[in-house]
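# Observations on the three-dimensional arrangement
Residues per chain are reported as follows:
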Amino acid sequence: MAMSVEFLAALRRIMPPDAVLDTAESLRPYECDGLTAYRQLPGVVCLPHTVEQVQAVLLLCHRLKVPVVPRGAGTGLSGGALPHEQGVLLGLARLDRIIEIDPLNRCAVVQPGVRNLALSEAAKPYGFYYAPDPSSQIACTIGGNVAENSGGVHCLKYGLTVHNVIGLKILTMQGELLEIGGKTLDAPGYDLLAVLCGSEGLLGVVVEATVRLLPLPERAQVVLAAFDDVALAGEAVGRILSAGIIPAGMEMMDNLAIRAAEDFVHAGYPVDAAAILLVELDGENREVSEQIFQVRTMMLEIGATEVQTARDEAERLLFWKGRKAAFPAVGRMAPDYYCMDGTIPRRRLPEVLTRIAELSKEYDLPVANVFHAGDGNLHPLILYDANQPGELARTEALGSRILQLCIEVGGTITGEHGVGVEKIDQMCVQFGSVELAQFHALRAAFDSSGLLNPGKAVPTLHRCAEFGRMHVHGGQLPHPQLERF
Amino acid sequence: MADCAMQLMEAVHAVYASGSPLNIVGGGSKAFCGGERVGEPLDAGVHCGIVSYEPSELVLTARAGTPLKEIEGLLASHGQTLGCEPPYFGGSATLGGTVACGFSGPRRPYAGALRDFVLGARIINGKGEILSFGGQVMKNVAGFDVSRLMVGAQGTLGVLLEVSLKVLPRTAHELTLRYLYSEPEAIARCAEWAGRPLPVSATAWLDGALYVRLSGSQVAVKAATQSMGGEIVLQGEDFWLGLREQTHAFFRLEPAQCLWRLSIPPGAPALKLEGRTCFEWGGAQRWLVSDGAPDGIHDAALGAGGYATLFRGAGQERIRLSPGVAALQQRIKQAFDPAGILNVRGP
């Protein structure tokens, strides 16, 4: 057993019996999050019912120097909730109360374990919704969304979690309850909400969030355009934005992803297309009609082989269903798939896709590409078979090359899935030692003990030295005169 | 257009060793912000120029000393704009000062705050090290979001060198409507509008009238006007400019008077405080001109579920933080500026 008998006894004294799990069988479901390639049984799982219980666990762990890994629904894709062998896995799913829907102040107050979609459903009778909609929204929780600064297909127009959270109550590792912001649009002093969103559970445990709600749009409509060249689809995205239209969502899929999705949900996608673009327009009825006309005209001018407008709400949802099911659809084509999450300046898309295709050949692994085209967030999905010796290692090596490619073109190693344990080595490429040292100093301002989610998100300088860090400055690799393949 | 990053870095590095404070100055237009500062002036305005601008990517990167006017001029020539409509408070306003103060204009509740548009920043921390955070892409969750932390930090965590911003298309059509309402009526009306998908881009209640600005396509603005009623204000843009720049008579202060900014839940009832008031942002930003004691004003804001900030004028207790948050902020300050030299407050 990983945890000391004394610690477990102390934990049982402060927690109800059903809130402590420590048999191998009961720990098993918590051994990984959505990134299943990394597994680790936790020392013990704690599932508090109340904020006071969360606080008691943190106080105990801080006193006895036991690491704590917070977890929401465990849908994260970067291993941010990977357990610690000698630590407490602190599951917050039972804190699942919507405390208040406040239409007067256009916001909601929720506990961290409230599911993303459940919040929008609760707000719907009031004519409101919660904008960030990660594809895991059926299951993922608001607390996890805050930790990862989750996005979704609508973030081009409506922002990420950081743009929609206006208040947080957090517990520090020392068990101190801090209230930051509230039902106000800002709070005095430093912008702590900005730092907490996307902090991957290293700075504090979210025990309550106040989020903005938006009125449901009068109408939403989607246009599907097909292209026989990926570069043209990329150009189309730039044209729409340059014309002054900000679509609610703008998604691109390449041929492999189109075929997988079509085969899975029969959305009516043109399976011969090199790429399709889904453009959702929302707002006032007549304005939407006008924009649909503009977008259709632009797509045809650029050379789309086909442009469809969803005939009704059912077809609109079907078009989206294909996109939202792209990951599992691709998953049916191979025993395993590995989802990457780089962001690039959009204009570099054609060359990035060409390079990914070359790398795919070099590593002999198929790659399907799904792309939040409006904001440059690319999800290459590498198909592999974990049961074939060496294939996982080859997949990870290919993934690492793709992320370095994203940095080279001026992008980032993670647009919305977070660093977690997965991309921790790539952090050494994206940041220099001075930035990493600053991250550690900032973290220590919140948690000087370093017990909260250790080993995630920000690598130690020592680790980077061992990785043989290769920091890319302003898109320039060291030794730019050398060719790299 | 000059790259003075090394010069600024050396200046900070030198005082890091000596421990004597630096007072970072951009265009000097917002010197009133945050109260008196001590120390040698550091002219950060010399580091200026637009570094890159890609209209189709909706991203602009500029050095912190770049005049805001220059940036907005370039954006306008491409039919784009800064989404949050930041106030200048003087023609010399720079990007760096704007970001450091973190002010947003009338469009804030409807398009986002200045911090919402910040994608990346290059800074010099208090140790004289040049650091880069974020980038030029819309979505980036690698590392803590230090770029946004700089917004509103008033230069106390670092000297801003360069900032990347998301920009937005300018709306095609704008129209301002006016209604004669009391403050409670105006608050209720704003709440009602906020619950409907209307193209509202600004709201303000001032001198017994509620003003609302609609922005969007011609058809959307026309449809909204029909459903909202009200009287059309000619030259509505002048009204919003006067409000944003605080050149409107409301903001004229007598000696001993202070201008307080109250950030409270938008639907909170009208506050009963000595002095004159107006509001923006659908009720979420309320202005108070008063010579009342800071204590009562902080208490009232807190009671309404929000916060008060002494915006203009001399006085103690410009903001009020809970002891836990105040201590955390102090530790963050130390993490970036261990010698305590950047934009130190006067006694």
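Reading guide: rules and limits
- Residues numbered from 1 in each chain as written.
- Chains lettered and ligands numbered in written order.
- Predicted model: local features only at pLDDT ≥ 70, side-chain atom pairs only at ≥ 80, totals over all residues.
- Heavy atoms only, no water.
- Core = buried A, V, L, I, M, F, W, Y, C linked by side-chain atoms within 4.5 Å.
- Buried < 20%, exposed > 50% of the residue type's maximum accessible area, 1.4 Å probe, protein only.
- Helix = DSSP H or I, 4+ residues; strand = E, 2+ residues; numbered from the N terminus.
- Contact = heavy atoms within 4.5 Å.
- Salt bridge = Lys/Arg side-chain N within 4 Å of Asp/Glu carboxyl O.
- Polar contact = N/O pair within 3.5 Å; in protein donor to acceptor, adjacent residues only side chain to side chain.
- Lys, Arg positive; Asp, Glu negative; His and termini not counted.
- 1 Å grid on protein atoms, 1.4 Å probe; cavity = no way out; pocket = protein on both sides within 12 Å on 5 of 7 lines; lining within 4 Å.
- Points joined across faces, edges and corners; volume = space filled by probe spheres on them.
- Phe/Tyr/Trp six-rings, centres within 6.5 Å; stacked < 30°, edge-to-face > 60°.
- Lys NZ or Arg CZ within 6 Å of the ring centre and 35° of its normal.
- Disulfide = S-S within 2.5 Å.
- Pairing = 2+ DSSP bridges.
- Axes fitted to C-alpha atoms, helices over the stretch in contact; angles between N-to-C directions.
- Left-handed = near helix turned anticlockwise from the far one by under 90°.
- Nonpolar A, V, L, I, M, F, W, Y, C, P; charged D, E, K, R; others polar.
- Buried area = accessible area lost by both parts, 1.4 Å probe.

### Some points on the nonpolar core
- Counting 140 residues, the largest nonpolar core has Phe-227, Leu-277 and Met-299 of chain A together with Ile-332 and Phe-336 of chain B as its most contacted members.
- Per element, the largest residue contribution to this core is seven residues, and it comes from helix 9 (residues 230-242) of chain A.
- The residues touching Phe-336 of chain B, leaving out its near neighbours within four places in the chain, are Gln-438 and Leu-442 of chain A together with Ile-123, Asn-125, Gly-126, Lys-127, Val-146, Leu-149, Met-150 and Leu-157 of chain B.

### Considerations on the environment of Glu-85 of chain A
Residue and element names in this part refer to chain A.
- Mapping Glu-85 onto the fold places it in the loop between strand 3 (68-71) and strand 4 (88-91).
- For Glu-85, a relative accessible area of 43% corresponds to the partly exposed category.
- Sequence-wise, Glu-85 and Gly-43 are 42 residues apart; in three dimensions their C-alpha atoms are separated by 5.0 Å.
- Setting aside residues up to four positions removed in sequence, Glu-85 forms contacts with Ala-2, Met-3, Gln-40, Leu-41, Pro-42 and Gly-43.

### Some points on the pattern of salt bridges
Residues and elements named next belong to chain B.
- Scanning the model with the defined rule gives 40 salt bridges over all chains in all.
- Between Glu-192 and Arg-189 there is a salt bridge whose closest N-O contact spans 3.2 Å. Taken together, the residues Glu-192 and Arg-189, both in helix 7 (residues 183-194) and three residues apart, mark about one turn of the helix.
- Glu-192 sits in the partly exposed class, given a relative accessible area of 38%.
- Of the residues examined, Arg-189 reaches a relative accessible area of 17% and is grouped as buried.
- Connected through shared salt-bridge partners, Glu-85, Arg-107, Glu-174 and Arg-213 make up one network.

### Overview of the side chain of Asp-337 of chain B
Residues and elements named next belong to chain B.
- Tracing the sequence through the fold places Asp-337 in the segment after helix 11 (323-336).
- The exposure class of Asp-337 is buried, given its relative accessible area of 1%.
- Of note is the side chain of Asp-337, whose polar atom sits 2.7 Å from the side chain of Lys-333.
- Excluding residues within four positions of it along the chain, Asp-337 makes contact with Gly-126, Thr-156 and Leu-342.

### Regarding the side chain of Asp-341 of chain A
Residues and elements named next belong to chain A.
- The residue Asp-341 is located in the loop between strand 16 (336-339) and strand 17 (342-343) in this model.
- Although Asp-341 is buried, it makes no salt bridge; Lys-423 carries the closest opposite charge, 4.6 Å away.
- Only 2.7 Å separates the side chain of Asp-341 from the side chain of Thr-414, close enough to count as a polar contact.
- Within polar-contact distance, the side chain of Asp-341 engages the backbone nitrogen of His-417 at 2.7 Å.
- In contact with Asp-341, not counting residues within four places along its chain, are Asn-377, Leu-378, His-379, Ile-413, Thr-414, Gly-415, Glu-416, His-417 and Gly-418.

### Overview of empty space enclosed by the protein
Residues and elements named next belong to chain B.
- Applying the stated rule across the entire model yields six cavities of 30 Å³ or more.
- What the largest cavity holds in volume is close to 210 Å³.
- A total of three residues in the lining of the largest cavity trace back to one element, the largest contributor, which is helix 6 (residues 146-150).
- For the second largest cavity, the calculated volume is near 70 Å³.
- As for the second largest cavity, its lining consists of Glu-183, Leu-262, Leu-271, Leu-273, Thr-277, Arg-286, Trp-287 and Leu-288.
- Residue contributions to the lining of the second largest cavity peak at three residues, all from strand 16 (residues 285-290).

### Quick notes on the packing of aromatic side chains
- Counting across every chain of the model gives 18 aromatic pairs over all chains.
- Between the aromatic rings of Tyr-129 of chain A and Tyr-158 of chain A, the centroid separation amounts to 6.3 Å while the plane-to-plane angle is 85°, which identifies the pairing as edge-to-face. Residue Tyr-129 of chain A is located in strand 7 (residues 128-129), and its partner Tyr-158 of chain A is located in helix 6 (residues 155-158); the two are separated by 29 residues in the primary sequence.
- We classify Tyr-129 of chain A as buried; its relative accessible area is 15%.
- On the basis of an interplanar angle of 75° and a centroid distance of 5.6 Å, the ring pair of Phe-32 of chain B and Phe-89 of chain B is categorised as edge-to-face. Placement of the pair is Phe-32 of chain B in the loop between strand 1 (22-25) and strand 2 (40-43) and Phe-89 of chain B in the loop between strand 5 (80-81) and helix 3 (95-101), with a sequence separation of 57 residues.
- Through pairs of rings, three or more aromatic residues link up here, namely Phe-32, Phe-89, Phe-103, Phe-250, Phe-251, Trp-287 and Phe-311 of chain B.
- The lysine or arginine in question, Arg-108 of chain B, covers the ring of Trp-281 of chain B, its NZ or CZ lying 5.9 Å from the ring centre.
- The ring of Phe-32 of chain B is capped by Arg-312 of chain B, whose NZ or CZ atom sits 4.1 Å from the centre of that ring.

### Some remarks on the state of the cysteines
- For the coordinates displayed, the defined rule picks out one disulfide over all chains.
- One disulfide bridge connects Cys-428 of chain A with Cys-464 of chain A, the sulfur atoms lying 2.1 Å from each other. Since a negative S-S torsion denotes a left-handed disulfide, the Cys-428 of chain A-Cys-464 of chain A link at about -80° is left-handed. Placement of the pair is Cys-428 of chain A in helix 16 (residues 424-430) and Cys-464 of chain A in helix 18 (residues 461-467), with a sequence separation of 36 residues.
- With no disulfide of its own, Cys-32 of chain A lies closest to Cys-339 of chain A among cysteine sulfurs, the gap being 15 Å.
- Cys-32 of chain A sits in the buried class, given a relative accessible area of 13%.
- Free cysteine Cys-190 of chain B: the closest other cysteine sulfur is in Cys-278 of chain B, separated by 12 Å.
- Since its relative accessible area comes to 3%, Cys-190 of chain B is described here as buried.

### Considerations on the sheet that holds strand 14 (residues 258-263) of chain B
Residue and element names in this part refer to chain B.
- Strand order in this open sheet of eight strands is 13-10-12-11-15-16-14-17, and the pairing throughout is antiparallel. This sheet does not close on itself; its edge strands, each paired only once, are strand 13 (231-233) and strand 17 (307-312). Here the strands of the sheet are splayed against their neighbours by 25° on average, with no regard to which way each runs.

### Looking at the packing of helix 9 of chain A against helix 11 (residues 285-302) of chain A
All names here are of chain A.
- One way to put it is that helix 9 packs onto helix 11 with a least axis distance of 10 Å and a crossing angle of 145°. Both helix 9 and helix 11 take part in a crossing whose hand is right-handed. Listed contacts from helix 11 to Leu-232, Glu-235, Ala-236, Arg-239 and Ile-240 of helix 9 are Val-295, Met-298, Met-299, Glu-301 and Ile-302.
- Grouping the constituent residues of the contact of helix 9 with helix 11 by class yields seven nonpolar, no polar and three charged.

### Regarding the interface of chain A and chain B
- On the chain B side, the residues contacting the 81 residues of chain A number 69 residues.
- Buried area between chain A and chain B, summed over both chains or domains, comes out near 6,300 Å², and the portion from carbon and sulfur atoms is 60%.
- Linking chain A to chain B there are six salt bridges.
- The residue Asp-186 of chain A makes a salt bridge to Arg-261 of chain B at a minimum N-O spacing of 2.7 Å.
- Where chain A meets chain B, there are 27 residue pairs in polar contact (both at pLDDT 80 or more).
- Secondary structure elements with two or more residues in the side of chain A that touches chain B: helix 6, helix 7 (161-164), strand 9 (177-181), helix 8 (192-196), helix 9, helix 11, helix 16 and helix 17 (433-446) of chain A.
- Examining the composition of the side of chain A that touches chain B, we find that nine residues originate from one element, helix 17 of chain A, more than from any other.

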